[in-house]
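Architecture at a glance
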Amino acid sequence: MEVVNKKGSIFELEEIYKYKSLIDVKDKAVIKRVIIEDDETCIAFYQDFIELVAKEVDHTLNKAQFKTAKDKLVAEMKAYLNSK
């Protein structure tokens, strides 16, 4: 069994949480669960989340657009995690 180090992704999430008011504690917990899971769907969810953050940081999305897209993505993450 291969051991995968998730510290980099967890650190990245902590930095996003600390320096940008983009996610709340509940979202952070869901995203952290997605990071820890080791399947293709969770990896895709996390990549989608990072892309959203990048778009907000680059001002491609404004805060309202980001929140709408993030809330939808987090809802999909929750539904997927609860179905497992």
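What counts and what doesn't
Residues numbered from 1 in each chain as written. Predicted model: local features only at pLDDT ≥ 70, side-chain atom pairs only at ≥ 80, totals over all residues. Heavy atoms only, no water. Helix = DSSP H or I, 4+ residues; strand = E, 2+ residues; numbered from the N terminus. Expected span 1.5 Å × (residues − 1). Polar contact = N/O pair within 3.5 Å; in protein donor to acceptor, adjacent residues only side chain to side chain. pLDDT = per-residue confidence, 0-100. Core = buried A, V, L, I, M, F, W, Y, C linked by side-chain atoms within 4.5 Å. Buried < 20%, exposed > 50% of the residue type's maximum accessible area, 1.4 Å probe, protein only. Contact = heavy atoms within 4.5 Å. Phe/Tyr/Trp six-rings, centres within 6.5 Å; stacked < 30°, edge-to-face > 60°.

Comments concerning helix α2 (residues 25-36)
- The end-to-end C-alpha distance of α2 is 17 Å, a good match for the 16 Å that 12 residues give at a rise of 1.5 Å each.
- Where α2 begins, one side-chain oxygen reaches toward the backbone nitrogen of Lys-26, 3.2 Å away; that side chain belongs to Asp-24.

A look at the confidence of the model for the protein chain
- Scored by pLDDT, the protein chain has a mean of 86; 92% of the residues are at 70 or more.
- Mean pLDDT across the elements of the protein chain bottoms out in helix α1 (residues 7-19) (76) and peaks in helix α4 (residues 63-83) (95).

Some thoughts on the nonpolar core
- Within the largest apolar cluster, 20 residues are counted, with the highest numbers of intra-cluster contacts made by Ile-31, Val-34, Phe-49 and Met-77.
- Contributions of two or more residues to this core are made by α1, α2, α3 (40-57) and α4.
- Apart from the residues within four sequence positions on either side, Phe-49 is in contact with Leu-13, Ile-16, Ile-23, Ile-31, Lys-70, Leu-73 and Met-77.

Focus: the side chain of Asp-39
- Relative to the assigned elements, Asp-39 resides in the loop between α2 and α3.
- Exposure remark for Asp-39: the relative accessible area of 17% places this residue in the buried category.
- Those residues in contact with Asp-39 that sit more than four places away from it in its chain are Tyr-80 and Lys-84.

Some words on α3
- Here α3 spans 26 Å end to end across 18 residues, near enough to the 26 Å set by a 1.5 Å rise per residue.
- Put simply, Asp-39 is the residue that caps the front of α3, since its side-chain oxygen is 3.2 Å from the backbone nitrogen of Thr-41.
- Of the residues trailing α3, His-59 is marked for its positive phi of about 65°.

Let's talk about the packing of aromatic side chains
- Evaluation of the coordinates by the stated rule reveals two aromatic pairs.
- Between the aromatic rings of Phe-45 and Tyr-80, the centroid separation amounts to 5.9 Å while the plane-to-plane angle is 65°, which identifies the pairing as edge-to-face. Taken together, the positions of Phe-45 in helix α3 and Tyr-80 in helix α4 put the pair 35 residues apart, joining distant regions of the chain.
- Between Tyr-46 and Phe-49, the ring centres sit 6.4 Å apart and the planes meet at 35°, which makes this aromatic pair tilted. With Tyr-46 and Phe-49 both in helix α3 and three residues apart, the pair spans about one turn of that helix.
- Accessibility expressed as a relative area gives 10% for Tyr-46, which makes it buried.

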